[in-house]
Amino acid sequence: MADRTPAPDTPELRARWSAFAWTPENKKTADWHIAKYPGGRQRSAVMPLLDLAQRQVGAETDTQGWLPLPVIEYVAQYLGMPVIRVLEVASFYFMYNLKPVGKFHVQVCGTTPCMLRGSDDIIAACKKRGMVKGGVSADGLWTLTEVECMGNCATAPMVQINDDNYEDLTPERLDAVLDALAAGQKPKTGTQEPGRHTSEPAGGPTTLTDMVSANHDYRGEW
Amino acid sequence: MPKVTVDGQEIEVPAGATVLQACELAGKEIPRFCYHERLSIAGNCRMCLVEVKPGPPKPQASCALPAADGQEIRTDSPMVKKAREGVMEFLLINHPLDCPICDQGGECDLQDQAVAYGRGGSRFDENKRAVTEKYMGPLIKTIMTRCIHCTRCVRFSEEIAGVDEIGALYRGEDMQITTYLEQAAAHELSANVIDLCPVGALTSRPYAFEARPWELKKTLSIDVSDAVGANITLHSKGREVMRALPRINDDVNEEWLSDKGRYQVDGLTKRRLDRVWVRRDGKLQPAEWTEAFGMIAGALEGDKGSIAAVAGDLLDAETMFAAKALVNACGSNLTEARQTGMTYDVSKLAAVNFNSTFAGIETADAILIIGSNVRWDAALLNVRLRKAVKAGAKVYIIGPEWDPTYPATFLGSDLKILNRIPKELGDVMKSAQRPAVILGAAGLAKGVLAATLKLVDKFGLVRDGWNGFNVLHISAARMASLMLDFTAPGGMGEIAAASPKVLLSLGADEMDYGAFGSSLKVYIGHHGDKGAHHADIILPGASYAEKDGTYVNTEGRVQFAEKAVFAPGDAREDWTILRALADALGVTVGFDSFAALQAKMIAAVPALGEEGLADYGALPKPDSGAKFEGEIAGYPIKDFYLTNPIARASEVMQRCSDELLHGADVKEAAE
């Protein structure tokens, strides 16, 4: 499991982040999230606001973004709630990064279906490119995390990089995706299997075959 | 009222009761860790599993399941036994087997329940989890590997104390209880989480490795650190009080205790006056009792009536009665207990009493606080006010701002605002069903008692079954001294103006001794504090832990405390000193034993003989000419942890003051 302790509270951290405040657009979004809840219940918006803060930190640092303690305190103060309650949320959910990450946060699924379909090779391929688990690679581009099931077992193995999934991977296909990302392109998301669209059965449908070409009414045949 | 069957026994339970409460009503013991009567229901320890029909065919957490009509509950079935064994086995997987070095040993819920409901041995061969210790301040010691994640401490600080500072970080097996950035828990009730912790994760830092619970003698006592009169048990070993724990009394302290009441007890062994001292050539030197008595008798030679007595804040009623008897027998009536010089009218005690009672103030729906920092003046009362606010009460405060832990409106510190009631305040108070006014010590010191009484009619504070006029004292001895008429109308000024030849100071450490330059100052007390510095003669007395006594809290509740240990050295119980002094002065006070003293006191003031609320009658008619004057510049308590001589002698209180109030660097105990 990834190390979930927050980045240490150092003077450098304070100096870098204690001036954190929403950008004008993010302030609008934050207030829009808060307005979704009845007055006095603004605490309910803590999760979208933490995500927003993480993205703003990401934009400022050209990474996926993370949550330094002063930023967590800013969110707490913005919502008028105790900091410890915000830190509880931030430390509970894995999508909040408590430590700095690279530009691309590569989360490789290592749970049983992915493992059986070769996630070990995927992890090895990642490491071969200089990624380290839980840390940022030397070029500042990559952070590698091994995660539990991401719900893509039908298209295993898979990785999630920032907001997108890349599925049906082999080391070669992963390399192609990562190369494209590193080059600033936007590779195709989802399955990387040629001819496959989403998570339909590999090799074509095996049930409801009459539905493939046209809308077939099965009701009379039940 | 639902009827349920518990193990074949049919009982009726109150509406809204849980299955766990139903089982308790039926006399069944349900093991539990996370459930606590005074906290919200979490339902996360799973120890309270029972079998309930109708319902899913699996064990149910009884603490979170409402009792419903026709339920058939079993607490003795094989399924329940197996379920409890299973839960206990899971809880023990990550719990260290360190009971021999754990301070909770002997009073540990997990230990007891593992014996009663667990299976004999462990089947767990893997490595146990370990958790780093967390710093939670000078009072709470943490060994977080022992934590079973019941979250009682989190719920206490959020719900009761109102200071959200403890939380549960991370998730699952990695969950850890901590304060934000391991800052010290800094509120007045923080140490109650030690009592709440069902295991040894949060233990008492000052009491670490001091004693086992079965070695301790338990004595029922009353806390004297404030005027709440919290019910406590003093745990003593040999001649030393090791710790003070709260007793359950729903009318007074529920089951909480302020940190000062709990941890000032180490001051009982420090800076004690344990022998007689007299001042010779400007220096205090050891002496004998007879010599000291001779000096006092000599000073009064020919003018026996020139004697006055001033009572301190920690005194029991018996000591004050004995002092009054002595002073009166000498032909003087110069006695005063309001040592800081307050002169409010005490002819009607209802006007200086907390009439709503602590339990009653919870039901108030509009509260005006005049000149009191309730968190420091009476931390346990603030818990009640917080409950009232949670139930919808509005609170207005006059005085410098402090953090009440609940929403409250500060109306500034100028008292004159009350001569013309602000519209918002007036509307809220007048439309309230149970309006209350609390006049604190800072307000009393400004002499606005009479003006505050005028608010009784204005706001309709007294109505059927409700008296909303309250005075909040901060001295444990205050109400008893007023009941004993231990006051002079002119206050300390009158005593000083009489310039008595002998001034008996009964543990009075807050008074101004400068006004008594010509008097022979006799200090009868237990700690070498401000009073002893000014004294010409020191007669060593007993602290509240070392004598039986009667105390009256600010609600007028009469309570008895028992003697836990003997006073050190030559120190004597105060009444014996006063009795011996009577002989030396050649007067009779009419008692030779504590029982006789108490009987005489009860004959004089019958209310002191009955435990419970004293009846002070109706509120006096207000003086229509009284006006609010002045401005509350500050509250009398400047440092919550150092308000009395015992606390000032206590290293623990000193450390709390340094670290929590004055921000000194964290000092880890060298262990």
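Definitions and limits used
- Residues numbered from 1 in each chain as written.
- Chains lettered and ligands numbered in written order.
- Predicted model: local features only at pLDDT ≥ 70, side-chain atom pairs only at ≥ 80, totals over all residues.
- UniProt positions renumbered as here; feature names shortened; annotations may be inferred.
- Helix = DSSP H or I, 4+ residues; strand = E, 2+ residues; numbered from the N terminus.
- Axes fitted to C-alpha atoms, helices over the stretch in contact; angles between N-to-C directions.
- Parallel < 35°, antiparallel > 145°, perpendicular 65-115°, else oblique.
- Left-handed = near helix turned anticlockwise from the far one by under 90°.
- Contact = placed C-beta atoms within 7 Å.
- Nonpolar A, V, L, I, M, F, W, Y, C, P; charged D, E, K, R; others polar.
- Domains from an automatic or database assignment.
- Buried ≥ 20, exposed ≤ 12 C-beta atoms within 10 Å, placed from the backbone.

So what's going on with the UniProt feature "domain: 4Fe-4S His(Cys)3-ligated-type" (unreviewed entry) in chain B? Residues and values would help.
Here the UniProt-annotated "domain: 4Fe-4S His(Cys)3-ligated-type" (unreviewed entry) positions come out as residues 79–118 of chain B. Split by type, residues 79–118 of chain B is 60% helix and 0% strand. Its first and last C-alpha atoms lie 14 Å apart.

How would you explain the UniProt feature "domain: 4Fe-4S Mo/W bis-MGD-type" (unreviewed entry) in chain B if you had to name every residue and give the values?
Under the UniProt annotation, "domain: 4Fe-4S Mo/W bis-MGD-type" (unreviewed entry) lies at residues 216–272 of chain B. A helix fraction of 9% and a strand fraction of 35% characterise residues 216–272 of chain B, whose end C-alpha atoms lie 22 Å from each other.

Describe in detail the packing of helix α3 (residues 46–61) of chain A against helix α4 (residues 69–79) of chain A, supporting the description with residues and values.
All names here are of chain A. Interhelical geometry of α3 versus α4 gives an angle of 140° and a closest axis separation of 10 Å. In terms of axis orientation, α3 runs oblique to α4. Handedness of the α3/α4 crossing: right-handed. Where α3 approaches α4, its residues V46, L49, L50, A53 and V57 are matched on the opposing element by V71, V75, Y78 and L79. Considered class by class, the residues forming the contact of α3 with α4 number nine nonpolar, no polar and no charged.

Give a detailed account of the interface of chain A and chain B, specifying residues and quantitative values.
You'll often see interface size given as the accessible area lost when the parts meet. On the side of chain B, eleven residues touch chain A, which itself brings ten residues to the contact. The residue inventory of the side of chain A that touches chain B, partitioned by class, reads five nonpolar, one polar and four charged.

I'd like a description of the domain arrangement of chain A, backed by residues and values.
Domains assigned within chain A are domain 1 (11–92) and domain 2 (104–191). With centres defined by C-alpha atoms, the gap from domain 1 of chain A to domain 2 of chain A works out at 28 Å.

Go over the domain arrangement of chain B, please, and point to the residues and values.
Residues and elements named next belong to chain B. Per the domain assignment, the segments of chain B are domain 1 (3–93), domain 2 (109–261), domain 3 (277–341 + 477–613) and domain 4 (355–471). Taking only C-alpha atoms, the centre of domain 1 and the centre of domain 2 are 25 Å apart. Between domain 1 and domain 2, the residue contacts involve 18 residues of the former and 23 residues of the latter. Grouping the amino acids of the side of domain 1 that touches domain 2 by side-chain chemistry returns eleven nonpolar, three polar and four charged.

How would you summarise the UniProt feature "binding site: [2Fe-2S] cluster" (unreviewed entry) in chain A if you had to cite specific residues and measurements?
Residues and elements named next belong to chain A. In the UniProt entry, the feature "binding site: [2Fe-2S] cluster" (unreviewed entry) is given for C109, C114, C149 and C153. With the annotated positions falling across 45 residues, the maximum pairwise C-alpha distance of 9.5 Å places them together in a single cluster. One can find C149 in the loop between β2 (142–147) and β3 (159–161). Given 14 C-beta atoms within a 10 Å radius, C149 is considered partly exposed. If sequence neighbours within four positions are ignored, C149 has contacts with C109 and T111. Note that C153 resides in the loop between β2 and β3. Judged by the 18 C-beta atoms lying within 10 Å of it, C153 is partly exposed.

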